[in-house]
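Listed below, chain by chain, are the residues.
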Amino acid sequence: MNWKFWKKDKSKTKKKKGAVREWADAIVFAVIAATLIRTLFIEAYVIPSGSMESSLLIGDYLFVSKVNYGARTPITPVAFPFTHHTMPLIGTKAYWDGIQLPYYRLPGFSDIKKGDVVVFNLPMEADSPLYRPVDKRENIIKRCQGTPGDTLSVVDAQVYINGKAETTAPQGEMTYVVKSDGSQINPQLIDELHLTDMASINNTDFKTNTTVASANTLKGYSNIKSVTADIAPKGIPDNLNPVYPTAHPQYKTTPSFPKYTWNLDNFGPVIIPKKGWTVKLDSLTFPIYGRAIEIYEHNKVKVVGHDIFINDKKADTYTFKMNYYFMMGDNRHNSTDSRFWGFLPEDHVVGKALFTWMSIDSTASFVNKIRWSRLFRGIH
């Protein structure tokens, strides 16, 4: 018997992959691995605006954990790798919204807690002209002030949760009115105290955003007469910069809605929706919860006089399908947050901000661009 057929035929062995094939395989593997890491575990994020100053500064580079609250599985699965919503250079959409998957979140280590700094998708991008899918809306960062079921109010810029004053971020900022004797403020002092958005009122007085600690330090200088918080008075709405719910487009077109007199420093009280909570709908509550019912929970909503119709049926109550949160920037007078666009739905949550790994000051000289003291610094 010829047993030679057991022997390995060298002519039929696999050929070694060429250099191009090896590079292609490596790139595909790297793209898949990086995508899984960004989707399920951790992602980098950079602070684009001053809404969280001085807790977080423009140019801070963060790592955001997806596992703390549980990773959200992709809702818009067909997208160009390593882009969010827009293709660089050409400016076109970086995704195809022809396929939309249901919202689902993997188990996490904990729920969102009051005081957590959270990255999430901007809810207002559900509206015209963008109409972006949930997971392709712009990523922004704020601090959680209220969790599902809480009753929240803002009184003279102080947040209250269930009737108790909530701890304010120690490095948070707000606007102050500074009265001086007219002499010029030392530019070095402006930098040291982080006096931002300075605007003259007259020849001696000006407004600036800064921390409580910096405001108290400023009071000690001989050329400063007074430093007082610029707080909007209660009961007087800011018609040029309206807060929620008067900022909602439907509010302006429905004459039966009551006239709210809230502003950014005096807001509420409101109950933050909780999954399974049933709210009674009337002319007082619908303006507050109508956006969540219609936009975030995908119902057909219509108001006829004083009657509310949900999915073509007259409704006196509504039971929420999701949990919601109330988010605010630490820079209280320079933040577009839940006071302006309402509650944050749970399906918009991206992850928890963990620490800054790099910080770059674009306004500084070349040798001082890196803020060395902020490298690998935890976020509180």
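Above this note sits the structure.
Throughout this document, residue positions are counted from 1 along each chain, in the order its sequence is written. Local features are withheld for residues below a pLDDT of 70 in this predicted model, meaning they are given only at 70 or higher, and side-chain atom pairs are given and counted only at 80 or more; totals for whole chains, interfaces and linings count all residues. Side-chain calculation: all heavy atoms of the structure are included, whereas hydrogens and water are not.

A. Seen up close, empty space enclosed by the protein. Every definition here rests on a 1 Å grid over the protein atoms only: cavities are sets of points where a 1.4 Å probe fits but cannot get out, pockets are open sets enclosed by protein on both sides within 12 Å along at least five of seven lines, and lining residues have some atom within 4 Å of a point. Grid points are joined across faces, edges and corners, and a volume is the space filled by probe spheres set on the points. Enumeration according to the criterion identifies 2 cavities of 30 Å³ or more in this entry. Looking at the second largest cavity, the residues that line it are Glu43, Ala44, Tyr45, Val64, Val119, Asn139 and Val350. Helix and strand definitions here come from DSSP, where helices need a minimum of 4 consecutive H or I residues and strands a minimum of 2 consecutive E residues; each element is numbered from the N-terminal end. With 3 residues, the single largest contributor to the lining of the second largest cavity is strand S1 (residues 42–46). For this classification, Asp, Glu, Lys and Arg are treated as charged, while Ala, Val, Leu, Ile, Met, Phe, Trp, Tyr, Cys and Pro are nonpolar and the rest, including Gly, are polar. Classifying every residue of the lining of the second largest cavity by side-chain character gives 5 nonpolar, 1 polar and 1 charged.

B. Geometry of the packing of aromatic side chains. Aromatic contacts are taken between Phe, Tyr and Trp rings whose centres are within 6.5 Å, Trp giving its six-membered ring; a plane angle under 30 degrees counts as stacked, one over 60 as edge-to-face, and the others as tilted. In the structure shown here, the tally under the stated rule is 16 aromatic pairs. Centre to centre, the rings of Phe120 and Trp341 are 5.9 Å apart; their planes meet at 65°, and the pair counts as edge-to-face. A residue pair is termed long-range when its members are at least 10 positions apart, and Phe120 in strand S3 (residues 117–121) and Trp341 in helix H6 (residues 338–341) qualify at 221 residues. The classification of residues rests on relative accessible area computed with a 1.4 Å probe and restricted to protein chains. Under 20% of the type maximum is buried, over 50% is exposed, and intermediate values are partly exposed. For Trp341, a relative accessible area of 2% puts it in the buried group.

C. Seen up close, the side chain of Thr175. Along the chain, Thr175 falls in strand S8 (residues 173–180). Pairs of N or O atoms within 3.5 Å make up the polar contacts considered here, provided that, within protein, one atom can donate a hydrogen while the other can accept it, and that residues adjacent in sequence are counted only when both atoms are side-chain atoms. Of note is the side chain of Thr175, whose polar atom sits 2.7 Å from the side chain of Asn209. In this analysis, two residues are considered to be in contact whenever any of their non-hydrogen atoms come within 4.5 Å of each other. Apart from residues no more than four positions distant in its own chain, Thr175 is found in contact with Lys207, Thr208, Asn209, Thr228, Ala229, Asp230 and His333.

D. Expanded view of the layout of surface pockets. Its volume calculated, the largest pocket comes out at about 840 Å³. Lining the largest pocket are 31 residues, and of these Arg38, Glu43, Thr83, His84 and Lys136 lie nearest its centre. Only helix H1 (19–40), S1, strand S4 (139–146) and strand S20 (349–359) provide two or more residues apiece to the lining of the largest pocket. If you tally residues by element for the lining of the largest pocket, the top one is H1, at 5 residues. Of the residues that constitute the lining of the largest pocket, the class distribution is 16 nonpolar, 8 polar and 7 charged.

E. Spatial organisation of unusual backbone geometry. Residue Glu53 is joined to Ser54 through a cis peptide bond whose omega torsion reads -5°. As for its position among the elements, Ser54 is in the loop between S1 and strand S2 (60–65). You will see that Asp156, though not glycine, has its phi angle at about 50°, which is positive. Of note, the phi angle at Asn311 is positive, near 55°, even though the residue is not glycine. Examined against the element boundaries, Asn311 turns out to sit in the loop between strand S15 (307–310) and strand S16 (313–314).

F. The arrangement of the sheet that holds strand S14 (residues 301–304) in detail. We call two strands paired when DSSP finds no fewer than two bridges between them. A sheet is described by the order of its strands in space; here 3 strands give the open sequence S14-S15-S16, paired in antiparallel fashion. The open sheet terminates on both sides in strands that have one partner only, identified here as S14 and S16. Where S14 meets S15, 4 bridges bridge the pair, whose relative direction is antiparallel. Paired with Lys302 across the strands is Phe309, a residue of S15. Along the sheet, helix H5 (residues 286–296) makes contact with S14 and S15, crossing S14 at roughly 150°. Angles run from 0 to 180 degrees between N-to-C directions of axes, and those axes are lines fitted to C-alpha atoms, restricted for helices to the stretch in contact.

G. Inspection of the environment of Thr35 at higher detail. By secondary structure assignment, the location of Thr35 is in helix H1. Residue classification places Thr35 among the partly exposed residues on the basis of a relative accessible area of 31%. Taking C-alpha positions, Thr35 is 22 Å from Val20, a pair spaced 15 residues apart along the chain.

H. Structural context of a nonpolar patch on the surface. Only residues whose relative accessible area exceeds 30% and that take part in no salt bridge are eligible for patches, with like-charged residues grouped when within 9 Å of each other and nonpolar side chains (Val, Leu, Ile, Met, Phe, Trp, Tyr) grouped when within 5 Å. Per-residue and other accessible areas follow the Shrake-Rupley method at a 1.4 Å probe size, with only the shown protein chains counted as cover for residues. By salt bridge we mean one thing: a side-chain nitrogen of Lys or Arg within 4 Å of a carboxyl oxygen of Asp or Glu. A contiguous nonpolar patch, built from Val78, Trp96, Ile99 and Leu101 and spanning about 350 Å² of accessible area, is present on the exposed surface. Mapped onto the secondary structure, Ile99 falls in the loop between S2 and S3. Given a relative accessible area of 36%, Ile99 falls into the partly exposed group.

I. The arrangement of helix H3 (residues 212–219) in detail. Three or more residues of H3 are buried, namely Ser214, Ala215 and Leu218. Seen from one end, H3 has its buried residues packed into an arc of 100°, which puts them on one side. Turning to H3, the residues buried within the fold contact S8, helix H2 (187–192), strand S10 (205–211) and strand S11 (224–229). Note that the arc is defined by the directions from the helix axis to the C-beta atoms.

J. Highlighting the sheet that holds strand S5 (residues 151–155). Spatially, the 4 strands line up as an open sheet ordered S7-S6-S5-S12, and their pairing is antiparallel. The sheet is open, and its two edges are formed by strand S7 (164–165) and strand S12 (267–271), each paired on a single side. One ladder, built from 2 bridges, connects strand S6 (residues 158–161) with S7; its direction is antiparallel. Bridge pairing in S7 links Tyr160 to Ala165.

K. Geometry of the nonpolar core. We define the nonpolar core as a collection of buried residues of types Ala, Val, Leu, Ile, Met, Phe, Trp, Tyr and Cys that are connected through side-chain atoms lying within 4.5 Å of one another. Core analysis: the biggest nonpolar cluster contains 34 residues, and Phe267, Leu281, Ile293, Ile310, Phe320, Tyr324 and Phe343 have the highest contact counts within it. Of all elements in the fold, only S5, S6, S12, H5, S15 and strand S18 (324–328) reach the threshold of two or more residues within this core. Contacts of Tyr324, omitting those with residues within four sequence positions, involve Thr147, Pro148, Ile272, Pro273, Ala292, Tyr296, Glu297, Phe343, Leu344 and Pro345. Counting residues in each nonpolar core, the second largest holds 13 residues, with Ala157, Met174, Ile185 and Leu195 among its members.

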